[in-house]
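As a plain string of letters, each chain reads:
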Amino acid sequence: MQLKDFMIELLTASDHIAFMVSIAVNIFVSVLGVVPSVFVTAANLAVFGLWEGMAVSFIGEAFGAIISFLLYRKGFRRLADRKGFSHPKVKQLLKAEGKESFLLILALRILPFVPSGLVTFIAAIGKTSLLIFVAASSIGKVPALLIEGYSVYQVIHWTWEGKLFTAIISCILVGLVWKRLKTR
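Residues numbered from 1 in each chain as written. Predicted model: local features only at pLDDT ≥ 70, side-chain atom pairs only at ≥ 80, totals over all residues. Heavy atoms only, no water.

Re the packing of helix α6 (residues 98-110) against helix α7 (residues 116-125)
So, step 1. Two elements in contact, α6 and α7, have axes whose closest approach is 9 Å; the angle formed by their N-to-C orientations is 165°. Taken together, α6 and α7 sit at an angle that is classed as roughly antiparallel. Taken as a pair, α6 and α7 cross one another with a handedness that is right-handed. Residues Ile-105, Leu-108 and Arg-109 of α6 form the contact with α7, whose participating residues are Ser-116, Val-119, Thr-120 and Ala-123.
So, step 2. Here the contact of α6 with α7 is built from residues that sort into four nonpolar, two polar and one charged. (Axes fitted to C-alpha atoms, helices over the stretch in contact; angles between N-to-C directions. Helix = DSSP H or I, 4+ residues; strand = E, 2+ residues; numbered from the N terminus. Parallel < 35°, antiparallel > 145°, perpendicular 65-115°, else oblique. Left-handed = near helix turned anticlockwise from the far one by under 90°. Contact = heavy atoms within 4.5 Å. Nonpolar A, V, L, I, M, F, W, Y, C, P; charged D, E, K, R; others polar.)

See the structure below:
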């Protein structure tokens, strides 16, 4: 059984509290930081429909990011001085404050291939304030979740848009792999 199918069963069995169950699972996934939340989004879309599913996913991901930020800050802040964080972009986010921090987090949240948990972790151990993080993270999640939600919805219902999306993503991935193999 796939995670999406398990999540759909969990939500349908939860009936009146499915909304809360979904948010709790989203928070758990966010705190883990390494599990993609796309299976939760797919289940939300299947159970709640397109717009309600995206709204539930947004709420869950936003709360998940806030709770993760607070937990990471409390438990891992002392790691910010370690040498393992030597990549220029990581250093930039670690040292960023105010407007610079806001714009960096916003940009990284909008990019679909940047792991959300990594952005939250680096921001939490750096100098970013909670208020800046919440604002930038939440605003950045809107376009990313709209793209993800719409794409997942089209693939789930296997419309022509879903087929086109899948074909385009497949071509892009094959092209990236091919390019990488040619440069080695």
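Things to note about the nonpolar core
So, step 1. In this structure, Phe-69, Leu-93, Ile-105, Phe-121, Ile-122, Ala-123 and Phe-133 are the most contacted members of the largest nonpolar core, which totals 17 residues.
So, step 2. Contributing elements (two or more residues each) for this core: α4 (50-76), α5 (88-95), α6, α7 and α8 (130-156).
So, step 3. If you tally residues by element for this core, the top one is α7, at six residues.
So, step 4. If we ignore the near neighbours within four places in the chain, the residues touching Leu-93 are Leu-104, Ile-105, Leu-108, Val-119, Ile-122, Ala-123 and Thr-128.
So, step 5. Counting nine residues, the second largest nonpolar core, distinct from the first, contains Val-25, Val-29, Val-40 and Ala-43. (Core = buried A, V, L, I, M, F, W, Y, C linked by side-chain atoms within 4.5 Å. Buried < 20%, exposed > 50% of the residue type's maximum accessible area, 1.4 Å probe, protein only.)

So, the packing of aromatic side chains
So, step 1. This structure, assessed with the given rule, holds four aromatic pairs.
So, step 2. When the centroid spacing of 4.5 Å and the interplanar angle of 20° are considered together, the rings of Phe-69 and Phe-133 count as stacked. Pair noted here: Phe-69 is in helix α4 and Phe-133 is in helix α8, with a separation of 64 residues, a long-range link.
So, step 3. A relative accessible area of 0% places Phe-69 in the buried class.
So, step 4. Ring geometry for Phe-76 and Phe-121: centres 5.5 Å apart, planes at 65°, overall edge-to-face. Residue Phe-76 is located in helix α4, and its partner Phe-121 is located in helix α7; the two are separated by 45 residues in the primary sequence.
So, step 5. Take Phe-121: its relative accessible area is 16%, and that puts it in the buried class. (Phe/Tyr/Trp six-rings, centres within 6.5 Å; stacked < 30°, edge-to-face > 60°.)

Observations concerning the pattern of salt bridges
So, step 1. Tallied over the entire structure, the rule returns one salt bridge.
So, step 2. Linking Glu-61 and Lys-141 is a salt bridge whose minimum nitrogen-to-oxygen distance equals 3.4 Å. Highlighted residues: Glu-61 in helix α4 and Lys-141 in helix α8, separated in sequence by 80 residues. Accessibility classification places Glu-61 together with Lys-141 in one group, the buried group. (Salt bridge = Lys/Arg side-chain N within 4 Å of Asp/Glu carboxyl O.)

Considerations on the environment of Asp-15
So, step 1. Along the chain, Asp-15 falls in the loop between α1 (3-14) and α2 (18-32).
So, step 2. Looking at Asp-15, its side chain comes within polar contact range of the side chain of His-16, at 3.3 Å. (Polar contact = N/O pair within 3.5 Å; in protein donor to acceptor, adjacent residues only side chain to side chain.)

Worth remembering: the numbers are spatial, not functional.
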